[in-house]
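Below, each chain spelled out in residue letters.
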Amino acid sequence: GYGHADFALAVGTAVGRRPRLIRVSPRVLRAGATIDTVLARRRLPTLSHDRARYLAHPDWVVATGAGLPRAVWTPAVDLPTGLARTVAWYRQAGWLR
């Protein structure tokens, strides 16, 4: 499994950047959702309350080393390769620069 930080670093590597990791508590995330919702007015907020709950849910990621044993399941494509292929497709489709 990958924790939030591990996954963020893998995505950053795939797009050629190093993300700045900022840990925030669920309370701060909810406050940000409230602010974004108020400022959004007639558009959908980027950080909604639903999205904040989703991001803060404890089961969103699997702790490193807590995944299925390799004898039970092994991914056909490892994370770095899968992310690199995804980024290449997004760039080809014009969805990512």
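This section reports on the structure supplied with the text. (Residues numbered from 1 in each chain as written. Predicted model: local features only at pLDDT ≥ 70, side-chain atom pairs only at ≥ 80, totals over all residues. Heavy atoms only, no water.)

### Some points on the pattern of salt bridges
Any two side chains of opposite charge can pair, on the condition that their charged atoms come close. Stated formally: When a carboxyl oxygen of Asp or Glu is within 4 Å of a side-chain nitrogen of Lys or Arg, the pair counts as a salt bridge. Helix and strand definitions follow DSSP, with helices as H or I runs of at least four residues and strands as E runs of at least two, each counted in order from the N terminus. Three exposure classes are used, based on accessible area relative to the maximum for each residue type with a 1.4 Å probe and protein chains only: buried under 20%, partly exposed in between, and exposed over 50%.
What the rule picks out here adds up to two salt bridges. In this structure, the salt-bridge partner of R53 is D50, at a minimum N-O distance of 3.6 Å. Taken as a pair, R53 and D50 lie in helix α3 (residues 49-56) at a separation of three residues, close to a single helical turn. Of the residues examined, R53 reaches a relative accessible area of 52% and is grouped as exposed.

### A word on the nonpolar core
Applied cut-off: Joining through side-chain atoms within 4.5 Å is the link that ties buried Ala, Val, Leu, Ile, Met, Phe, Trp, Tyr and Cys residues into a set, and such a set is a nonpolar core. Any two residues whose heavy atoms approach within 4.5 Å at even a single point are treated as in contact.
Residues A10, A14, L79, L83 and V87 constitute the largest nonpolar core, which totals five residues. Elements with a minimum of two residues in this core: α1 (4-14) and α4 (79-92). Residue contacts for A10: discarding those within four places in its chain leaves L79 and L83.

### Some points on the side chain of D36
Within the element layout of this structure, D36 appears in helix α2 (residues 26-40). Not counting residues within four places of it along the chain, the set of residues in contact with D36 comprises R43, P45, T46 and L47.

### Here we look at the environment of Q92
Note on placement: Q92 falls in helix α4. Residue Q92 is classed as exposed on the basis of its relative accessible area of 69%. Considered as a pair, Q92 and R20 are 72 residues apart in the sequence and their alpha carbons are 26 Å apart.

What is shown is where atoms sit, not what they do.
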